[in-house]
Structure formats: structure tokens, C-alpha cells
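# Inside the fold
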Amino acid sequence: MEEEMHTDAKIRAETGTGSSPRGPGCSLRHFACEQNLLSRPDGSASFLQGVAEKSRERLIRNTCEAVVLGTLHPRTSITVVLQVVSDAGSLLACCLNAACMALVDAGVPMRALFCGVTCALDSDGTLMLDPTSKQEKEARAVLTFALDSVERKLLMSSTKGLYSDAELQQCLAAAQAASQHVFRFYRESLQRRYSKS
Amino acid sequence: MAEAASVAAESLAGSRARAARTVLGQVVLPGEELLLPEQEDAEGPGGAVERPLSLNAGARSRVRVVCGPGLRRCGDRLLVTKCGRLRHKEPGSGSGGGVYWVDSQQKRYVPVKGDHVIGIVTAKSGDIFKVDVGGSEPASLSYLSFEGATKRNRPNVQVGDLIYGQFVVANKDMEPEMVCIDSCGRANGMGVIGQDGLLFKVTLGLIRKLLAPDCEIIQEVGKLYPLEIVFGMNGRIWVKAKTIQQTLILANILEACEHMTSDQRKQIFSRLAES
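Residues numbered from 1 in each chain as written. Chains lettered and ligands numbered in written order. Predicted model: local features only at pLDDT ≥ 70, side-chain atom pairs only at ≥ 80, totals over all residues. Heavy atoms only, no water.

This next bit is on the environment of Cys180 of chain B. Residue and element names in this part refer to chain B. On the secondary structure map, Cys180 appears in the loop between β13 (177–179) and β14 (191–192). Since its relative accessible area comes to 1%, Cys180 is described here as buried. Ignoring any residue separated from it by four or fewer positions in sequence, one finds Cys180 in contact with Leu141, Ser145, Phe146, Ile163, Tyr164, Gly165, Ala187, Met190 and Gly191. (Helix = DSSP H or I, 4+ residues; strand = E, 2+ residues; numbered from the N terminus. Buried < 20%, exposed > 50% of the residue type's maximum accessible area, 1.4 Å probe, protein only. Contact = heavy atoms within 4.5 Å.)

Time to look at the packing of helix α4 (residues 216–224) of chain B against helix α6 (residues 262–274) of chain B. Packed helices, taken two at a time, are described by their axes: the angle between them and the distance between them. All names here are of chain B. It is at 10 Å that the axes of α4 and α6 come closest, and there the two elements cross at 10°. Viewed along their axes, α4 and α6 adopt a mutual orientation that is roughly parallel. The segment α4 lies against α6, with Glu216, Ile217, Glu220, Val221 and Leu224 engaging Arg265, Lys266, Phe269, Leu272 and Ala273. Its residues assigned to classes, the contact of α4 with α6 shows six nonpolar, no polar and four charged. (Axes fitted to C-alpha atoms, helices over the stretch in contact; angles between N-to-C directions. Parallel < 35°, antiparallel > 145°, perpendicular 65-115°, else oblique. Nonpolar A, V, L, I, M, F, W, Y, C, P; charged D, E, K, R; others polar.)

With that settled, consider the interface of chain A and chain B. On the side of chain B, 31 residues touch chain A, which itself brings 30 residues to the contact. In total, chain A and chain B occlude about 2500 Å² of area from one another, counting both sides; carbon and sulfur atoms represent 52% of this. Linking chain A with chain B are two salt bridges. Linking Glu32 of chain B and Arg187 of chain A is a salt bridge whose minimum nitrogen-to-oxygen distance equals 2.4 Å. Inspection of the region where chain A meets chain B yields eight residue pairs in polar contact (both at pLDDT 80 or more). Elements with a minimum of two residues in the side of chain A that touches chain B: α2 (91–106) and α4 (165–196) of chain A. When residues in the side of chain A that touches chain B are grouped by element, the largest group, nine residues, is from α4 of chain A. Taken together, the residues of the side of chain A that touches chain B break down into 13 nonpolar, nine polar and eight charged. (Buried area = accessible area lost by both parts, 1.4 Å probe. Salt bridge = Lys/Arg side-chain N within 4 Å of Asp/Glu carboxyl O. Polar contact = N/O pair within 3.5 Å; in protein donor to acceptor, adjacent residues only side chain to side chain.)

Printed below as a string of C-alpha cells:
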């Protein structure tokens, strides 16, 4: 889970992923580099620009690992590549849905399906599901949940902003209700695919 | 409407376990649980069914059901792990409740013991050939696993050759091993695949469809041109016809058949037969 999550409304939350300017006129984000991390190739390096992308990848990876039956494929790596075609808000939830569908399409054995749902809380406390980019920017808090298909259990949550404990529970309940629409869409989409053959 | 009813059912209980019998032929999703026939009586409507206690515990007939690809045992139920249509095959003779499996469409092959596959020889190290079969590891093939091969009479296999063989060892924990002879020591069509021809890849579902008994596609293709064809369960097909053009036409037809309906296919065949 991301570090920005807080349960008490009194504590001021960081708005996370912003830039850390190094000096006057420098608007580059934070860098990190690691070298020689793989033993097999002659050379390897990992370069990180901006912390947000890495944590998003880590969140998606952890969700997939919780659901994929990795014990059936030892000594095998499963790589999921996600390419953003257009970002209209709720990007993390969309990435989670795409990753789930791709794993199903590849025939990777899974113990359940999962989906991502985003909630935004604006300054009045109104709850908006699946916010647009504009709504996300103006919201006081944006919460993304990954839920599994068997019992709508919470697999992953990533939150940014200021919200109370009661609001968290409310958002989670709304996300669980919304997830059944996503799973119904998965089912219809897969049925359509199999009906062609 | 059926859709409203199914939505209501989903909202009530996340996913109730359904009887496997009722779901046959339908699309099942990962995470669903299926009940085997012997458990249906116990579940009953509401679940609070009184059953007389029996002193002889073994009297209840136990049906041995085989859990095929896409299903896993989860307690005393079956857990679906892949998306596809649920199929069932009645036992031919004797005991057993038959086989349940999920018919899924995928492109990635996972080695299974007994499958006949087409592999490409990638390396020759000592007495073992390394053969790429499309799985996560190359399979190993000993030079003695060919018909009539002895220590002095080695088979003529080079790197880059195509091999048609079957797996004798294929599980998740070990490197897959294949051979080109059957249990009697005869080649039975296996071995190095001849010169020329074209190797191409299709999905696993198409291979199974083409290998099903009485497949129309193969009969129609056979009437078109004389050809040699080898199907590997790992999604690879090798085709050879008299000329390169005919070979390419056949390869294109087989690749396209997955997405065509039978009418479209008949149209294409009739057009080709005319020309």
C-alpha cells in the first residue's frame, strides 16, 4: 500500500508524487539508478524517474501475485506489459482490469479474477465512483481498490489524500458493489469470445 | 430476464458453488467452484436435509472423477482456474465418474506427458539434443530414442532440424524429456521431419479442433491439393505441398480457419478449386 494513506482527518497528508526541484530552474523529478542487478547478462541497469510509476507497477504486480497460481509454473517468469493508450482518469483501476483480462487470455491459471475500482471524495464528502481526470484533480481524496471475484475481498488499496475512517469504509462498500458490474462485464465479454468458436 | 436474475443471484452470495452437471458446455471463469454429482444430494435446498446416519461409512458409492486441465481440487469441490467451456466425458467402461475439463483457448503451450509435438533442435551436447517445443524450457532428446539407433549407428540430426516426438516426462518440476519411438520401439511416424515444407504456429484450440475425428477442414484441404501435414499439440503445424505457392496457400487457409465460419471456408475452397 502507498505511504500516503491516513485514517485520521486531522493529520495533513502529503500529496505524494510531486516533483522535488533540485535547484532554481530544475524541474526534473527524482532519479534512482541501480546497476548490475541481473547475474546472467553481461550488463544490466535499472533507472527510475519519478516514484509514482514504480509504485503503480509494484501494486499491480502484488495484486497479480496474490491471484495467479504460481506454484503450477516454477522457474518461470510471467511478464505483464501495460501500455497506456489514453488516460481519462482512474488509470490504476483500468490497468488492473487490463492485467486481469490479459492473464485470462494467456491461459495463466488463477484462483480468482480481480478488478480495480476508483473512488473520489470531493470537498463536500460526496463519493464519486470512476472519476474523470478533472474530478480526480479537484477531489480531496482518491482511493483505488482491487477486489477479487470470489467473495469481493480486498486485494490491494492505494489511496491519496485526506479522508476519515468512516469515509474509507463507505468507499470500500461502494467499490464492492461496483465491482459486480465489472465482473459481469468480464463474464459477458468472455462469453462473447467463446461463442464465436 | 435471465440477466436480471443472474445479477440478483450474484449479489446475494459472491459465488455459490454450482453443480458441475448444470454448467456443462457453458463458459466458466476462474474462481468458480463446482460441486461433483455425489455432493449434490448432501447440499440440497437450504442445506438442512436430514439423512439417516449409516453405520457402514463405506456404503455410500464414491465416484472417482478425473480433474482435467483448467480444474483443481479444492477440498471436495473443483475450483476453476482457467476461462473456457466446461466439458465432460463419460467413462468408457468400468468405474469412474468420467473426466471434467475446461476447454480454453490459449497460445502458450505447457508440456504434457504423452503429447505429440513438433520441436526444433537448438543444441547438441554430448548424447542429448536440446529441442525447443514452445514451453518454458527446452526438452531433452537422447540420440538413442530413435528407431534403429544404437551407440554406433547414430541418427542424422542437425541443429535446426524439425523433430516430431512425444513426451515421456513432462511435469512442472522437471525438465521435459521427449522420444521419437513408442513403447514397442517403433517410430510410428515420429522422428526427423523431412526437407522443405513450412512450419507455422496456430493456437492450441485450433490444433485440437483439426485433430478431432471427422474434421471437415482436413477433408476439404485434402481434396484441394496433395499434401503432407504434421500437427504438433504445441500449436505448430508443418505443411508441404508440390510447389511453394500451394504450400503458402495451405498455410494461410489453416491459419485463417480459426476465425472463419464454415460457409466462408467453403466459399474460399470452391474459389481455390476453380483456379
